[in-house]
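What the coordinates show
In case you want the letters, here they are:
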Amino acid sequence: FEGMSNWDHPDAIDFGGLYRDLLRLKEWSEVEVMTKSSILNPDYEKSWRIKHILKPKKIIIVEWYMALVDDRIRSIFDLSIFLDIPIGEIMNRREKITYNDESEYNNKILFPMHKKYVEPTKGVADLTIDVLKNNKDGVYKAIYGELEKFLR
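Before going into details, it helps to say that this report is about the structure given with it.

Conventions used here
- Residues numbered from 1 in each chain as written.
- Predicted model: local features only at pLDDT ≥ 70, side-chain atom pairs only at ≥ 80, totals over all residues.
- Heavy atoms only, no water.
- Phe/Tyr/Trp six-rings, centres within 6.5 Å; stacked < 30°, edge-to-face > 60°.
- Helix = DSSP H or I, 4+ residues; strand = E, 2+ residues; numbered from the N terminus.
- Buried < 20%, exposed > 50% of the residue type's maximum accessible area, 1.4 Å probe, protein only.
- Lys NZ or Arg CZ within 6 Å of the ring centre and 35° of its normal.
- Contact = heavy atoms within 4.5 Å.
- Core = buried A, V, L, I, M, F, W, Y, C linked by side-chain atoms within 4.5 Å.
- Salt bridge = Lys/Arg side-chain N within 4 Å of Asp/Glu carboxyl O.
- Expected span 1.5 Å × (residues − 1).

1. Section: the packing of aromatic side chains
Using the criterion set out here, one finds one aromatic pair in the structure. Centre to centre, the rings of F15 and W64 are 5.6 Å apart; their planes meet at 35°, and the pair counts as tilted. With F15 in helix α1 (residues 15-26) and W64 in the loop between β2 (50-54) and α3 (71-76), the pair connects residues that are 49 residues apart, well separated along the chain. Taking relative accessible area as the criterion, F15 reaches 6% and is therefore assigned buried. W64 sits in the partly exposed class, given a relative accessible area of 27%. The ring centre of Y19 lies 5.9 Å from the NZ or CZ of R72, which sits over that ring.

2. What to know about the environment of I81
Relative to the elements of secondary structure, I81 occurs in strand β3 (residues 81-84). Accessibility expressed as a relative area gives 26% for I81, which makes it partly exposed. Expressed as a C-alpha distance, the spacing of I81 and L68, which sit 13 residues apart in the sequence, is 9.0 Å. Leave out the neighbours within four places in its chain, and I81 touches A125, L127, I129 and I143.

3. A few points about the nonpolar core
Among the nonpolar cores identified, the biggest contains 12 residues, and these are F15, L22, M66, A67, L68, V69, I73, I76, F77, F82, V118 and A125. Elements supplying a minimum of two residues to this core: α1 and α3. In this view, F82 contacts L68, V118, T121, K122, A125, L127, T128 and I129; residues no more than four positions away in its chain are not counted. Y105, I109, L110 and M113 belong to the second-largest nonpolar core, a separate cluster that totals five residues.

4. Re the pattern of salt bridges
Under the defined criterion, the tally for this structure stands at nine salt bridges. Between K51 and E32 there is a salt bridge, and its shortest N-O distance comes to 4.0 Å. With K51 in strand β2 and E32 in strand β1 (residues 31-35), this pair connects stretches of sequence that are 19 residues apart. What makes K51 exposed here is its relative accessible area of 58%.

5. Some details on helix α5 (residues 103-118)
Its 16 residues place the ends of α5 only 19 Å apart at the C-alpha level, less than the 22 Å of an ideal helix rising 1.5 Å per residue. Within α5, the full set of buried residues consists of Y105, N106, I109, L110, M113, H114 and V118.

This is how it looks when you write it as structure tokens:
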């Protein structure tokens, strides 16, 4: 990829660590993670990552574009939801939060990786929601309707 790091390939992800952490949470044990979350770590640019304790909950939401790529991870989900959105719309939304020109990376790495690894997971999800046919409230309603079954 002409000197570019590929952060959008499954090999760039520690799926084994995620799997162990999710199993621990499902067993009602706390998990310590390192985060760069701007909410938990507003000084991220200065301090890099900080430790954060995740506490087990009745419902654990894993929100991530590669959440369904790994069979081990997928096998421990009680419910999987794929938010179906065309790559063009993804890029329109992404441009609003990108600080520099990433078009070369997007064209050479992101688009091909999305097509090869993310798009196929739509077929293994329990529920697929067409984001363009639903407004934000419609998406929330569909997701909450599914999650409500686990709150009983």
